[in-house]
Amino acid sequence: QVHLVESGGGLVQAGGSLRLSCAASGSTSGITYSSWYRQAPGRGRELVATITASGHTNYADSVKGRFTIPRDNAKHTAYLQMNSLKPQDTAVYYCNAVQFVKLAEREYWGQGTQVTVSS
């Protein structure tokens, strides 16, 4: 019922900035969490940042102080603003949304976008 489309990935130098976008369409009511995950080769998928419907945010220790997760409710879009990027941030980044409807949680994923940080 929810379709997530990601954009904004690319190649940047260490210390640079990048902003990822995650646009939601379809039946978007009832979304309780919007999150960004990332996965590097040989590593598991890890949670990077989350924002709740009420605006509460959480960040992984590895990105705290460098990344933020702003959103535009009118556009049904969440962003991942990445500053002071490090080579260790290189990964495929995935947008995630959790929707609570009909006494059940539904989970949706974006297609993933590659972020590469050169040293």
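Everything numeric in this text was worked out from a predicted model, so none of it was measured.

S.K.: Before we go on, may I ask you to explain the nonpolar core in this structure?
M.R.: Burial of nonpolar side chains together is a common tendency in soluble globular proteins. Counting residues in hydrophobic clusters, the biggest one holds 27 residues, and the most contacted among them are W36, L80, M82 and Y93. At the level of elements, β1 (2-7), β3 (18-26), β5 (46-52), β9 (77-82), β10 (91-101) and β12 (113-118) are the ones that each hand at least two residues to this core.

S.K.: What's the story with the layout of surface pockets in this structure? I'm lost.
M.R.: Rolled over the atoms, a probe with the dimensions of a water molecule shows which regions are left empty. Of the volumes computed, that of the largest pocket is approximately 310 Å³. Around the largest pocket sit 21 residues that line it, and I31, S34, R71, N73 and H76 are the ones nearest its centre. Within the residue set of the lining of the largest pocket, elements represented by two or more residues are β3, β4 (31-39), β5, β8 (71-72), β9 and β10. Among the elements that make up the lining of the largest pocket, the one with the highest residue count is β4 (four residues). Classifying every residue of the lining of the largest pocket by side-chain character gives ten nonpolar, nine polar and two charged.

S.K.: I keep staring at the pattern of salt bridges and nothing clicks. Help me out?
M.R.: Opposite charge on two side chains lets them pair, provided their charged atoms get close. By the definition in use, this model includes four salt bridges. A salt bridge links D89 to R38; its shortest N-O distance comes to 2.9 Å. With D89 in the loop between β9 and β10 and R38 in strand β4, this residue pair connects regions lying 51 residues apart in the sequence. What makes D89 buried here is its relative accessible area of 2%. What you see here is one network of salt bridges that share partners, running through R38, R43, E46, R66 and D89.

Parameters at a glance
- Residues numbered from 1 in each chain as written.
- Predicted model: local features only at pLDDT ≥ 70, side-chain atom pairs only at ≥ 80, totals over all residues.
- Heavy atoms only, no water.
- Core = buried A, V, L, I, M, F, W, Y, C linked by side-chain atoms within 4.5 Å.
- Buried < 20%, exposed > 50% of the residue type's maximum accessible area, 1.4 Å probe, protein only.
- Helix = DSSP H or I, 4+ residues; strand = E, 2+ residues; numbered from the N terminus.
- 1 Å grid on protein atoms, 1.4 Å probe; cavity = no way out; pocket = protein on both sides within 12 Å on 5 of 7 lines; lining within 4 Å.
- Points joined across faces, edges and corners; volume = space filled by probe spheres on them.
- Nonpolar A, V, L, I, M, F, W, Y, C, P; charged D, E, K, R; others polar.
- Salt bridge = Lys/Arg side-chain N within 4 Å of Asp/Glu carboxyl O.

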